[in-house]
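Coordinates in review
Letter by letter, the chains look like this.
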Amino acid sequence: MSAGEEAGDAPDAVRWVRAAQRGDALAMSRLLDELTPYVGRLCAPIALADGPDAAQEALIAVFQNLRSLREPAALYGWVRRIAVREAIRVAQRGARQQPAELAELPAPGSPELAVDVRDVLDRLSPEHRAILMLREVEGLDERAAAEVLDVSAGTAKSRLSRAKAAFRKQWTA
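Remember, predicted model here, so these are calculated numbers, not experimental data. (Residues numbered from 1 in each chain as written. Predicted model: local features only at pLDDT ≥ 70, side-chain atom pairs only at ≥ 80, totals over all residues. Heavy atoms only, no water.)

**Comments concerning unusual backbone geometry**
Basically, it comes down to this: Numbering of helices and strands runs from the N terminus; a helix is a DSSP stretch of H or I covering at least four residues, while a strand is a stretch of E covering at least two. Three labels apply to residues, based on accessible area from a 1.4 Å probe with only protein chains included: buried if under 20% of the type maximum, exposed if over 50%, partly exposed otherwise in between.
Unusually for a residue other than glycine, leucine 48 sits at a positive phi of about 55°. Here leucine 48 lies in the loop between helix H2 (25-47) and helix H3 (51-64). Given the relative accessible area of 6%, leucine 48 is considered buried. Here aspartate 150, not a glycine, exhibits a phi torsion of approximately 60°, which is positive. Among the secondary structure elements, aspartate 150 is positioned in the loop between helix H7 (142-149) and helix H8 (153-172).

**Focus: the nonpolar core**
Inclusion rule: The nonpolar core is taken to be a set of buried Ala, Val, Leu, Ile, Met, Phe, Trp, Tyr and Cys residues, with the residues joined through side-chain atoms within 4.5 Å. Between two residues, a contact is recorded if the distance between any of their heavy atoms is within 4.5 Å.
Counting residues in each nonpolar core, the largest one holds 48 residues, and the members touching the most others are Leu75 and Val84. The set of elements that each furnish at least two residues to this core consists of helix H1 (11-21), H2, H3, helix H4 (75-93), helix H6 (126-137), H7 and H8. Among the elements that make up this core, the one with the highest residue count is H4 (11 residues). In contact with valine 84, not counting residues within four places along its chain, are Ile46, Ala130, Met133, Leu134, Val148 and Leu149.

**Section: the packing of aromatic side chains**
Applicable threshold: In summary, the pairing rule links any two rings of Phe, Tyr or Trp, Trp by its six-membered ring, whose centres are within 6.5 Å, and it sorts them by plane angle into stacked for under 30 degrees, edge-to-face for over 60 and tilted for everything else.
Overall, the coordinates contain one aromatic pair when judged by the stated rule. Centroid distance tyrosine 38 to tyrosine 76: 5.3 Å. Interplanar angle 80°. Geometry classified as edge-to-face. With tyrosine 38 in helix H2 and tyrosine 76 in helix H4, the pair connects residues that are 38 residues apart, well separated along the chain. In this structure tyrosine 38 comes out as buried when scored by relative accessible area, which is 1%. According to the relative accessible area criterion, tyrosine 76 is buried, its value standing at 0%.

Honestly, it's all geometry; don't read function into it.
In structure tokens:
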């Protein structure tokens, strides 16, 4: 599911939410199949090696709180909020050691470059990875990212600025 897609673009998901809220096990299963890859894509770049754990915890939170979702058409935004927050929480809990410094940078377009970008991202805090993922991968503006992260727009803007600066610093280190 892309950044612009919401449950309104997936009428089956809206039906499944309503049925799952009534306790329909088949609808819950279908909803789980629908949401699992989306949640995984959100959690992986934030929680890194703990991404699968974060995704699992996010899905558990989604299904535990599904009855509280008042507007099924808002499913994907609601799930995004839960997944990003769980990924940050799991990443903070399992604070990782920083990888070794890069000896030299590979040429643009080489497969090693993607590995090195990931290495630099690994060195950022979970909050910085989250804001970069929401802004650059999900395509959210600062206001929308702030809502997902439950911080003020000013905090999101400054966090994004610090995340970009930290990325640049680590990249050139």
